[in-house]
Amino acid sequence: MQGLLGAASPYTPPLMDDLDLPEVPEGFAERFAREDREPAELYLISPPAFDAGFTGRLKAAFDAGPVAAFQLRLKGLDEHSIARIAEPLQKLCAEREVAFIVNDSIALARRLGADGVHLGQEDGDPREAREVLGRDAQIGVTCHNSRHLAMEAGEAGADYVAFGAFYPTTTKDVQHRADPAILSWWTVVSPIPCVAIGGITPANVAPLVAAGADFVAVSGAVWNDPAGEAAAVRDFLQAMGH
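Here's what I pulled together on the structure shown here. Quick caveat, the model's predicted, so the values are computed rather than measured.

**Some details on the pairing of strand E4 (residues 116–119)**
Neither face of E4 is exposed, since Gly-116 and His-118 on one face and Val-117 and Leu-119 on the opposite face are all buried. Once the chain exits strand E3 (residues 99–103) it traverses helix H4 (residues 106–112) before rejoining the sheet at E4, and the crossover so formed is right-handed. Direction of pairing for E4 relative to strand E5 (residues 138–144): parallel, over a ladder of four bridges. The residue of E5 that forms the bridge with His-118 is Gly-140.

Right, here's the structure in full:
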C-alpha cells in the first residue's frame, strides 16, 4: 500500500527553540483559509484495554464510514501478549485498507510487520524507526504544543506530526495543551501532514478541521459513546464535512 499519508516530504526545516520563533498572531486559526485541501480524515486509537469482542467493534466502526488509520495502543502488556491480540485487528485493517499503526514500540512494529509506528518524545528517534522499518513505513511523532518539536520531527523524516491535547481528556494524563493556531501555522510552513489529538468529540472537532488538521485522532469519544462506535464514527465524519 502507498501508506497512510503518502511519501515523506524532503522538507528540512531549521532547528530552533519555540522561544526563538515569532508568536503566532492572535486569531490566526480563525483567519486560516482551508483552500484546495482534502477533508480531514479519521484516525482511530484503541482503548488502553479491551476484551476479545473488540475486533467486532472495530469492524462496526469501519463499516460506519471511511477511517484512514487505526493505532493499537495497549498499556501494561508484554509484546508477546500484544502480538497475539494484534493479529485479528491487523488482518481486519488490511482487509479494509486501513493503516495499522503500533504505538510507542519500533521493535513491535517490526515484529508485526505493521504499516507504521507512532512515537512519543521518549519512544525513539524517527531516523531509527526509518532504518528499522523501511522507507514505506508511516512514522508519526507526538509534538504536544511545540513548534520546535514538530520542526525537529520533520527534519528527522516523520511522515506526520501530532499536536495536542486540544481539549481535556480522560484517555491519558495531559501535560500540554495546544491551540488550534498551531495547526494553521504548521500547514502554512510545512507540507508534512498534521494530526490533531486530545479530548476531541463530534461537538468540538470542527474548529480543528477548519484550522488545518489533516487527520483527527480519537479514542474515548468513539469507544465510550453510549450509542456505540458506529454512531460515533458517523457523527465524527458528518462534523468533519464528509
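After presenting the structure, the write-up continues.
**So, the packing of aromatic side chains**
A complete count under the given rule lists seven aromatic pairs for this structure. One aromatic cluster in this structure is built from Phe-50, Phe-54, Phe-70, Phe-100 and Trp-223. Directly above the ring of Trp-185 sits Arg-147, whose terminal nitrogen or CZ lies 5.4 Å from the centroid.

**Observations concerning unusual backbone geometry**
Of the consecutive residues Gly-164 and Ala-165, the connecting peptide bond is found in the cis state with omega at 10 degrees. You can see Ala-165 is positioned in the loop between strand E6 (160–163) and helix H7 (181–189). Here the phi dihedral of Glu-97 falls at roughly 60 degrees; this positive angle occurs in a residue that is not glycine. Residue placement: Glu-97 occurs in the loop between helix H3 (79–96) and E3. Glu-97 sits in the exposed class, given a relative accessible area of 68%.

Rules and cut-offs
Each chain has its residues counted from 1, following the order in which its sequence is written. In keeping with the predicted nature of the model, local features appear solely for residues at pLDDT of at least 70, side-chain atom pairs appear and are counted solely at 80 or more, and the whole-chain, interface and lining totals rest on all residues. With hydrogens and water set aside, each side-chain value is computed from the structure's full complement of heavy atoms. Buried residues are those whose accessible area, probed at 1.4 Å on protein chains only, stays under 20% of the maximum for their type, while exposed residues exceed 50% and partly exposed ones sit between those limits. Secondary structure elements follow DSSP: runs of H or I no shorter than four residues count as helices, runs of E no shorter than two count as strands, and numbering proceeds from the N terminus. Think of it like this: strands point away, you trace from the first strand over the helix to the second, and a clockwise trace means the crossover is right-handed. In short, DSSP must find at least two bridges between two strands for them to pair. The pairing test for Phe, Tyr and Trp rings, Trp by its six-membered ring, is centres within 6.5 Å, and the orientation test on the planes gives stacked under 30 degrees, edge-to-face over 60, and tilted for anything in between. Here, a charge over a ring means that NZ of Lys or CZ of Arg falls within 6 Å of the ring centre while also lying within 35 degrees of the ring normal.

Spatial relationships are all this shows, so hold off on functional conclusions.
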